[in-house]
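Structural description and commentary
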Amino acid sequence: YVPDSCFIDKVPKLGYDRRNEVKRLMTLIDTFYDRHINVVITADAPADKLYTGDDYAFEFERTVSRLQEMQSDAYIEATKT
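Now for a quick tour of the structure. (Residues numbered from 1 in each chain as written. Predicted model: local features only at pLDDT ≥ 70, side-chain atom pairs only at ≥ 80, totals over all residues. Heavy atoms only, no water.)

What about the environment of I8?
This is how it is decided: We count a stretch as a helix when DSSP gives it H or I for four or more residues in a row; a strand needs E for two or more, and each element gets its number in order from the N terminus.
Looking at the secondary structure, you find I8 in strand β1 (residues 5–11). In this structure the C-alpha to C-alpha distance between I8 and T63, which are 55 residues apart in sequence, comes to 15 Å.

Details of the layout of surface pockets
Inclusion rule: Points on a 1 Å grid, built from protein atoms alone, make a cavity when a 1.4 Å probe fits but cannot get out and make a pocket when they are open with protein on both sides within 12 Å along at least 5 of 7 lines; residues with an atom within 4 Å of a point are the lining residues. Grid points are joined across faces, edges and corners, and a volume is the space filled by probe spheres set on the points. Ten residue types, Ala, Val, Leu, Ile, Met, Phe, Trp, Tyr, Cys and Pro, are classed as nonpolar, four, Asp, Glu, Lys and Arg, as charged, and the remainder, Gly among them, as polar.
Size it by volume and the largest pocket reaches roughly 270 Å³. Of all the secondary-structure elements, those providing two or more residues to the lining of the largest pocket are β2 (38–43) and α2 (47–50). Per element, the largest residue contribution to the lining of the largest pocket is five residues, and it comes from β2. Along the lines of polarity and charge, the residues of the lining of the largest pocket split into 11 nonpolar, three polar and no charged.

Observations regarding the packing of helix α1 (residues 19–34) against helix α3 (residues 57–69)
For clarity, the cut-off: Axis definition: a line fitted to C-alpha atoms, over the contacting stretch in the case of helices. Angles run 0 to 180 degrees between N-to-C directions. Oblique is the label for any angle not covered by the other classes, which are roughly parallel (under 35 degrees), roughly antiparallel (over 145) and roughly perpendicular (65 to 115). Two helices cross in a left-handed way if the nearer one is turned anticlockwise from the farther one by less than a right angle. They cross in a right-handed way if the turn is clockwise. Working rule for contacts: check all heavy atoms of both residues, and any pair within 4.5 Å makes them a contact.
In contact at an axis separation of 10 Å, α1 and α3 are set at 40° when each is read in the N-to-C sense. Comparing the axis directions of α1 and α3 gives the class oblique. In the crossing of α1 with α3, the sense of the turn from one axis to the other is left-handed. Contacts between α1 and α3 pair V22, L25, M26, I29, D30, Y33 and D34 from the former with E59, F60, R62, T63, R66, L67 and E69 from the latter. Here the residues of the contact of α1 with α3 are counted per class, giving seven nonpolar, one polar and six charged.

This is the structure we're talking about:
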């Protein structure tokens, strides 16, 4: 069974001290994106302000891009099929 949607609540701002959590979040979003699963997230900041560290700044840009795409009507419609 693969869910249609997933809810993630209370994602804190992530900095250098939370590198492991950042890596896990990036992997989770990649997995949802690749499997066309809708994700709803509540967080302490918008996606583009969520990670303030330098280690994964480039990689996290892809995560932000994917999160933004996952909000589009086209992505949401594609998950319905």
